[in-house]
Amino acid sequence: MKDKRLGKINVRSVVQHFLAAFIVLILLFTTQGTNILINGVNGDVSYSLHEADKSRAYEESYLFNNILGNNISNVLRLVSQRSQLETDGQYDGDKIIDVTAYVNRGSVLLGGYITAHYHLSDLLKWAQNGFETERKAMTAEECASFLAEETTYTHLKNNIVSGGMNSYLSSQLDDNSITSNKPRNYEFQDGQHDILKCRYQTVDGKNIEEIVSNWDEYDTLRQSVESASVALLSNYNEYVKNISYYSYQNSNIRYYVSRTINNKTDIYTNVSVEEDENLLDKFKNYGKYIYYCPNELSYESNTLIKETIVRSMVKNYSFAYPDQIKVYIGVDTAAYPCDDDFTQGKAGFAKYSPYRSQLYFLCALFVFLYVLLLIISISQISVIPETTQNRTFTELIAVRGLAIIAVPVGIAYLDSIMYKGNIDRLLENPLILILVGIGVFIADIGLLDLIYNLTEKGKSGLLWKDSLIKKLAFGAKDVIVNTTNNASVIVRTWVPYAIFVLLNILLVLIGVPGIITAIVLDILIGVFIYRQNLDRDKIIHVIENIKNGDVGAKVEVENLRSDNVALAEAVNSIGDGIKMAVDTSMKDEKMKADLITNVSHDIKTPLTSIINYVDLIKREKIDNDKVKEYIDVLDLKSQKLKQLTEDLVEVAKISSGNINIELQRTDFVELVNQTIGEFYEKFEDSNLTPIFKHEAASMCITSDAHHLWRVIENLLNNVCKYALSGTRVYMDMKYVPGKDDRNNVEFSIKNISSTELNIDVAELTERFIRGDVSRATEGSGLGLSIAKNLTIAQGGTFDIKLDGDLFKVVISFEAV
């Protein structure tokens with residue numbers, strides 16, 4: 001069954017090959033039937049054959065008028081060249097050329113200008129031999145000696161700008177220029193300059209350095225000489241060719257152009273004219289003619305060419321044509337005595353394909369049949385079992401198809417080179433059309449082979465699986481992965497790098513195919529490095545998350561390669577260890593907080609009863625002084641125990657984060673003053689003198705007023721307990737620079753300790769730590785710890801400083 005399908009496909013393929021050949025041949029035939037290639041003065045020119053010309057005579061056709069239009073443009077260009085190179089209708093090598101006026105022939109030169117006058121032949125020979133310049137280092141004295149002391153300026157006596165005249169035409173008038181000299185006003189400096197080797201001198205025997213007095217003028221004039229010479233040589237070479245082509249003996253074109261400047265008339269023609277002969281009648285007798293005179297606003301023609309077309313052609317060479325011109329152009333259609341582009345056009349005029357529309361329809365039908373057969377064949381292609389042995393690589397199928405296509409294409413390219421790229425001239429040979437058909441037939445074999453085989457692999461899902469590039473890429477990948485996974489750092493780094501560099505050098509030496517292969521390999525290596533760095537970025541991202549507190553972050557190791565796997569596993573292990581340590585720490589902290597809370601609660605209930613009963617006993621009349629003393633001690637210690645219990649509960653709340661902070665605007669000065677007032681009696685009992693200095697009457701911060709009062713209370717309690725009696729307690733509040741160009745409010749409290757401070761600063765804010773190691777004073781050892789934690793919870797800072805017996809606490813909040 002499969003063999004039958006293959007047979008049908010083969011038959012259809014042969015039909016498609018013939019259809020492809022017919023399609024191309026029809027297109028070429030119709031193209032050749034609607035175009036004609038004519039060899040003119042500028043080489044081969046392709047002209048279109050218009051359907052509207054079928055019912056016209058050749059001389060009335062668009063083809064004839066298009067050929068005439070191109071010839072008119074060429075003749076006008078030839079006449080402009082003759083005006084530059086001839087005198088009285090003959091080439092004049094002694095003709096004087098104003099180089100600056102010539103270079104600027106399309107514009108008007110106002111006032112005086114710097115120029116040089118050379119004989120035409122000297123400029124042409126100079127351009128042929130080439131210009132030699134030398135870069136020379138010159139001192140200021142050498143510059144002054146090399147250039148003239150005066151600059152020579154040329155002035156046109158009659159610089160006519162009306163009637164289509166320009167400065168170039170005015171410069172060609174006899175005795176129409178004068179010169180003047182201007183002394184140098186220029187200070188030279190040492191430097192390097194381009195010096196022109198003057199092969200020829202001006203008509204008055206000067207070099208250009210004898211005309212100018214500074215380097216800017218010298219460079220401008222040098223460039224004008226070079227530009228004028230090169231342009232004149234180009235025009236001369238074209239002139240030699242065109243003057244022969246458009247001679248009376250070689251061309252059917254007849255032309256007569258007269259140009260009047262300052263009452264002098266120059267004639268440029270390829271026909272002989274009798275005296276008093278009527279030129280217009282003469283040109284009418286040739287057959288087709290054109291007469292154009294812009295000064296008389298006159299235009300007459302029996303061709304399809306409009307006056308606007310001729311006017312635009314003349315305008316292209318406006319530097320050669322003032323308004324006072326008369327242009328007569330004719331074509332000798334009566335006899336066509338010369339073999340030129342007009343006779344070639346007449347011979348090819350009958351070549352127009354009369355059935356072009358029908359051929360286009362036939363071509364469209366063949367295209368439809370070709371595409372239909374292609375669709376049918378593709379739909380009948382069966383799937384290749386993946387178990388099939390010896391399957392062809394995808395790239396080899398592509399190379400095979402492209403190689404078949406390349407054979408006729410290459411032959412066609414070589415043929416076009418032989419014909420210098422002129423395809424139209426090549427296709428004029430009927431044998432070439434037959435060879436083109438055969439070539440298309442062969443190329444279509446390669447094209448369909450490529451399409452059908454790639455489609456078969458695509459349907460079977462084997463297009464990429466059977467790719468040679470895939471096998472090479474994955475093989476290289478395995479080598480790289482194995483090397484990077486199992487080798488030392490030196491092997492993993494330098495060996496692949498050396499291979500990579502060596503392979504690139506070898507591939508580049510091969511040529512273009514090697515360079516393309518090297519680029520593909522470089523891209524693959526770049527993709528591998530990119531993936532490695534992408535994996536590394538994932539690992540770094542997880543490390544950043546762990547650093548920011550997300551200890552549960554993990555790196556997915558499934559798609560990682562080489563040492564990134566070990567690195568990712570290490571990061572995951574570190575994260576697990578940190579998470580376990582944090583969980584243990586949190587659990588221990590919670591257990592301690594719960595223990596303190598529970599114990600404090602269990603103590604608080606009986607303690608309340610003790611305090612109440614002590615209070616009741618104190619109200620009784622007790623005559624025994626000893627008993628009264630016992631009761632006072634019991635009252636004092638029970639109150640101390642109550643305070644300790646409350647402190648423990650507060651510490652537990654702060655440690656567990658179970659504390660409410662309500663931040664609001666707080667006047668820090670007012671709060672400290674109120675707290676000092678409440679401690680007035682305690683300061684007197686302790687024989688202490690508080691001194692509070694503040695930078696401003698009101699200094700506001702953002703804090704929780706209740707908790708901030710507790711901080712100040714603990715600090716003042718600490719002062720009253722441990723400060724040396726009979727001393728002063730200094731409290732200062734001021735603004736200090738903070739973060740982001742904002743101020744902080746800093747509050748400090750200083751006192752002299754009554755006992756020696758033989759303890760580390762860091763230990764003073766730990767729980768149950770007291771400044772008197774003997775524990776002779778009252779206190780729980782929690783006051784400073786509570787104050788520090790409450791300060792930090794409100795966004796402030798808490799710092800303790802010791803200097804001998806001087807005890808200082810500094811707290812700071814951001815100012816509002």
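Details of the structure are given in the entry above.
A quick note: this is a predicted structure, and the numbers were derived from the prediction, not measured.

Peer 1: Could you give an account of unusual backbone geometry, with specific residues and numbers?
Peer 2: Phi angles above zero are rare outside glycine, and L297 is one such case at about 55 degrees. With respect to the helices, strands and loops of the structure, L297 is situated in the loop between β13 (287-293) and β14 (298-301). For L297, a relative accessible area of 77% translates into the label exposed. Residue N687 is not a glycine yet carries a positive backbone phi of 55 degrees. Relative to the helices and strands, N687 is located in the loop between α21 (680-685) and β17 (689-694). When its relative accessible area of 47% is taken as the criterion, N687 is described as partly exposed.

Peer 1: Quick one: what's the story with the sheet that holds strand β20 (residues 743-752), residue by residue and with numbers?
Peer 2: Read from one edge to the other, the open sheet built from five strands follows the order β17-β19-β20-β22-β21, with strand pairing classed as mixed. In the strand order of this sheet, the two ends are held by β17 and β21 (797-803), each with one partner. Strand-to-strand twist in this sheet, taken as the mean axis angle between neighbours without regard to direction, amounts to 15 degrees. Pairing between β20 and strand β22 (residues 806-814): nine bridges, direction antiparallel. Bridge pairing in β22 links I749 to V809.

Peer 1: Explain a negative patch on the surface to me, using residue names and the numbers behind them.
Peer 2: Taken together, D623, D625, E629 and D632 make up a surface patch of like negative charges. With respect to the secondary-structure elements, D625 resides in helix α19 (residues 625-656). On the basis of relative accessible area, D625 is assigned to the exposed category, the value being 56%.

Peer 1: Please set out the packing of helix α20 (residues 668-678) against helix α22 (residues 705-722) residue by residue, giving values where relevant.
Peer 2: Here α20 crosses α22 at 50 degrees, and the two axes come no closer than 10 Å. As the angle between them shows, α20 and α22 are arranged oblique. Considering the relative orientation of α20 and α22, their crossing is right-handed. Across from F668, L671, T675, I676 and E678 in α20, the residues of α22 making contact are A705, L708, W709, I712, E713 and L716. Within the contact of α20 with α22, the residues separate by chemical class into eight nonpolar, one polar and two charged.

Peer 1: Before we move on, could you go through the packing of helix α2 (residues 62-85) against helix α7 (residues 215-245) and cite the residues and values that matter?
Peer 2: Between α2 and α7, whose axes approach to 9 Å, the crossing angle comes to 120 degrees. Compared by their axis directions, α2 and α7 come out oblique. Both α2 and α7 take part in a crossing whose hand is left-handed. Two secondary-structure elements touch here, α2 through R77, L78, Q81, R82, Q84 and L85 and α7 through L232, N235, Y236, E238, Y239, N242 and I243.

Peer 1: Break down α22 for me, with residues and values.
Peer 2: With 18 residues, α22 should cover 26 Å at 1.5 Å per step; its first-to-last C-alpha distance of 26 Å lies within 8% of that length. The buried fraction of α22 amounts to 14 of the 18 residues, a majority that puts the element mostly inside the structure. Capping of α22 at its N-terminal end is provided by D704; its side-chain oxygen lies 3.1 Å from the backbone amide nitrogen of H706.

Peer 1: Explain the side chain of K457 to me, using residue names and the numbers behind them.
Peer 2: Following the sequence through the fold, K457 ends up in helix α14 (residues 430-459). Here the side chain of K457 touches T392 through a polar contact of 2.9 Å, landing on its backbone oxygen. If we ignore the near neighbours within four places in the chain, the residues touching K457 are R391, T392, F393, T394, I397, L462, L463 and D466.

Peer 1: Describe the pattern of salt bridges, naming the residues involved and giving the relevant values.
Peer 2: Using the criterion set out here, one finds 20 salt bridges in the structure. Between E307 and R311 there is a salt bridge, with its nearest N and O atoms 3.2 Å apart. Of this pair, E307 and R311 both sit in helix α9 (residues 307-315), separated by four residues, roughly a single helical turn. By relative accessible area, which is 38% here, R311 ends up partly exposed.

Peer 1: Break down the environment of Y168 for me, citing the residues and quoting the values.
Peer 2: Within the fold, Y168 resides in helix α6 (residues 167-171). As a C-alpha pair, Y168 and D98 span 70 residues in sequence and 8.1 Å in three-dimensional space.

Each value, and the rule that gives it
Residues numbered from 1 in each chain as written. Predicted model: local features only at pLDDT ≥ 70, side-chain atom pairs only at ≥ 80, totals over all residues. Heavy atoms only, no water. Helix = DSSP H or I, 4+ residues; strand = E, 2+ residues; numbered from the N terminus. Buried < 20%, exposed > 50% of the residue type's maximum accessible area, 1.4 Å probe, protein only. Pairing = 2+ DSSP bridges. Axes fitted to C-alpha atoms, helices over the stretch in contact; angles between N-to-C directions. Patch = residues over 30% accessible without salt bridge, like charges linked within 9 Å, V, L, I, M, F, W, Y side chains within 5 Å. Areas by Shrake-Rupley, 256 points an atom, 1.4 Å probe, with all protein chains shown as cover. Salt bridge = Lys/Arg side-chain N within 4 Å of Asp/Glu carboxyl O. Lys, Arg positive; Asp, Glu negative; His and termini not counted. Charge placed at Lys NZ, Arg CZ, Asp CG, Glu CD. Parallel < 35°, antiparallel > 145°, perpendicular 65-115°, else oblique. Left-handed = near helix turned anticlockwise from the far one by under 90°. Contact = heavy atoms within 4.5 Å. Nonpolar A, V, L, I, M, F, W, Y, C, P; charged D, E, K, R; others polar. Expected span 1.5 Å × (residues − 1). Polar contact = N/O pair within 3.5 Å; in protein donor to acceptor, adjacent residues only side chain to side chain.

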